[in-house]
Amino acid sequence: MLRIEGLRKQYRTGDAALRGVDLVVPAGEVIGLIGPSGAGKSTLIRCVNRLVEPTSGRILLGDDEVTGASRRALRRLRRRMGMIFQEFALVERLTVMENVLAGRLGTVPFWRSLTRRFPPDDVRNAFATLDRVGLLDHVDKRADALSGGQRQRVGIARALLQGPDLLLIDEPTASLDPKTSRQIMRLIGEVCAERRLAAIVNIHDVALAQMFLGRIVGLKAGEVVYDGPSSGLDATVLTRIYGEEDWTRTARAGEAEAEDDGAAPAPAVSPAAAPVTSMAALRAAAE
Ligand SMILES: Nc1ncnc2c1ncn2[C@@H]1O[C@H](COP(=O)(O)OP(=O)(O)OP(=O)(O)O)[C@@H](O)[C@H]1O
């Protein structure tokens with residue numbers, strides 16, 4: 001569970017990006033964070049893992065306080081937070097498997113990374129995770145040979161391999177076509193439910209958020225102006241969040257049925273150990 005209490009962020013420039021945000025995300029729940037440009041969505045996500053230092057307030061992951069944690073404690077806490085990015089953040093010249101194993105770099109001893117061997121359990125887990133996200137046939141492909149949807153699946157698998165309690169997901173579908181976007185959103189919802197992960201998805205596409213996420217938090221000028229079911233996102237609420245516009249079509253689009261994407265459901269395990277070609281690149285990606 002993630003708990004945020006009275007979170008404020010004032011940048012040195014004087015911008016008050018967050019003005020007292022309270023939010024609880026239970027294990028297994030994925031919330032959609034929406035709001036106009038500049039509302040504070042990215043700041044909120046970055047405060048949770050303290051890439052941006054909060055000005056005041058408390059953030060707790062389970063029973064552990066993120067705010068005020070020492071550098072060492074923060075490193076440990078960050079391992080429990082998987083990040084998924086809009087631009088995927090893959091190492092282009094490395095394979096799918098190597099990119100996914102990068103999710104374990106924070107936990108393997110340095111000598112193992114030098115010998116380019118990961119513990120067999122990590123490798124088994126990587127195969128099972130790649131199977132779960134539908135990429136088992138692509139483990140040896142280089143990242144730069146993948147489609148956008150496949151790249152995002154690698155990003156999801158890498159975050160999952162960390163064994164996180166929380167996923168912080170920044171615009172996961174911004175560079176994807178509409179059908180692939182639906183597949184990725186569906187996959188995120190499924191894996192979070194299966195693994196009881198809390199997740200925050202920063203998302204601009206309101207209809208997509210409404211279609212796949214049960215709960216929506218609307219930010220405006222650093223304040224939560226809506227926190228409720230996605231079915232409650234009607235024209236009045238959208239006006240409160242974004243301002244005046246004809247919202248009738250957006251609100252209706254979110255009610256449309258999602259299409260089936262045929263994602264592979266059953267995990268299979270392969271025990272082979274994977275050599276890693278560039279540990280420096282993997283470490284860079286993991287930091
Ligand atoms: N590094 C920074 N230094 C100073 N001000 C910043 C910084 N980052 C963000 N801000 C300001 O904080 C406010 C919130 O920005 P933030 O990027 O969190 O919004 P957002 O909702 O994620 O916007 P978008 O949807 O466009 O990404 C804005 O006024 C922005 O100008």
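Residues numbered from 1 in each chain as written. Predicted model: local features only at pLDDT ≥ 70, side-chain atom pairs only at ≥ 80, totals over all residues. Heavy atoms only, no water.

A. Just the sheet that holds strand β2 (residues 16-25), in detail. Read across the open sheet, the 4 strands follow the order β2-β1-β4-β5; overall the sheet is antiparallel. Because the sheet does not close on itself, it has two edges, and the strands there are β2 and β5 (64-65). Bridge analysis of strand β4 (residues 56-61) against β5 gives 2 bridges, and the strand direction is antiparallel. Directly across from Leu 61, in β5, lies its bridge partner Asp 64. (Pairing = 2+ DSSP bridges. Helix = DSSP H or I, 4+ residues; strand = E, 2+ residues; numbered from the N terminus.)

B. Representation of a positive patch on the surface. A surface patch of positive charge is lined by Arg 71, Arg 72, Arg 75, Arg 76, Arg 78 and Arg 79. Among the structural elements, Arg 78 can be located in helix α2 (residues 71-79). The partly exposed category is assigned to Arg 78, whose relative accessible area is 33%. (Patch = residues over 30% accessible without salt bridge, like charges linked within 9 Å, V, L, I, M, F, W, Y side chains within 5 Å. Areas by Shrake-Rupley, 256 points an atom, 1.4 Å probe, with all protein chains shown as cover. Salt bridge = Lys/Arg side-chain N within 4 Å of Asp/Glu carboxyl O. Lys, Arg positive; Asp, Glu negative; His and termini not counted. Charge placed at Lys NZ, Arg CZ, Asp CG, Glu CD. Buried < 20%, exposed > 50% of the residue type's maximum accessible area, 1.4 Å probe, protein only.)

C. A look at the pairing of strand β7 (residues 166-170). The buried count for β7 comes to 5 of 5 residues, which makes it a mostly enclosed element. Of the two faces of β7, the one holding Leu 166, Leu 168 and Asp 170 and the one holding Leu 167 and Ile 169 are both buried throughout. Where strand β6 (residues 81-84) and β7 come together, 4 bridges link them in parallel fashion. By the bridge assignment, Gly 82 is partnered in β7 with Leu 167. Here β7 runs beside strand β8 (residues 198-202); their pairing, made up of 5 bridges, is parallel. By the bridge assignment for β8, Leu 167 is matched with Ala 199. In terms of handedness, the path from β7 via helix α7 (residues 178-195) over to β8 forms a crossover that is right-handed. (Right-handed = clockwise from strand over helix to strand, strands pointing away.)

D. Representation of the site of the ligand in the model. Within the structure, the ligand sits among 13 residues, and Ser 37, Gly 38, Lys 41, Ser 42 and Thr 43 are positioned closest to it. A distance of 3.5 Å separates a nitrogen atom of the ligand from a polar side-chain atom of Tyr 11. Between the ligand and the protein, one listed contact pairs an oxygen atom with a side-chain N or O atom of Ser 37 at 2.5 Å. Burial of the ligand by the surrounding chains reaches 62%, relative to a free accessible area of 630 Å². By residue class, the composition of the shell around the ligand is 4 nonpolar, 7 polar and 2 charged. (Near = heavy atom within 4 Å. Polar contact = N/O pair within 3.5 Å; in protein donor to acceptor, adjacent residues only side chain to side chain. Nonpolar A, V, L, I, M, F, W, Y, C, P; charged D, E, K, R; others polar.)

E. Structural detail: the sheet that holds strand β10 (residues 223-229). With respect to topology, 6 strands assemble into an open sheet ordered β6-β7-β8-β3-β9-β10, the strand pairing being mixed. Of all the strands in the sheet, just β6 and β10 have a single pairing partner and so form its edges. Along the sheet, successive strands turn relative to each other by an average axial angle of 20 degrees, direction set aside. Against the sheet, helix α6 (residues 148-161) engages β6 and β7, with an angle of about 170 degrees to β6. (Axes fitted to C-alpha atoms, helices over the stretch in contact; angles between N-to-C directions. Contact = heavy atoms within 4.5 Å.)

F. Layout of the pattern of salt bridges. Counting across every chain of the model gives 13 salt bridges. Residue Arg 58 is joined to Glu 65 by a salt bridge in which the shortest nitrogen-to-oxygen separation is 3.1 Å. Classification of Arg 58 by relative accessible area gives partly exposed; the value is 35%. In this structure, Arg 215 and Asp 227 form a salt bridge, with 2.8 Å as the shortest nitrogen-oxygen distance. Linking Arg 215 in strand β9 (residues 215-220) with Asp 227 in strand β10, this pair joins segments that are 12 residues apart in sequence. Of the residues examined, Arg 215 reaches a relative accessible area of 14% and is grouped as buried.

G. Inspection of the environment of Val 30 at higher detail. Assignment of secondary structure puts Val 30 in strand β3 (residues 30-34). Val 30 sits in the buried class, given a relative accessible area of 9%. As for Val 30 and Ile 216, which are separated by 186 residues in sequence, their C-alpha atoms are 8.9 Å apart. Those residues in contact with Val 30 that sit more than four places away from it in its chain are Ile 188, Gly 189, Cys 192, Ala 199, Val 201, Leu 213, Gly 214 and Arg 215.

Taken by themselves, the reported measurements are silent on function.
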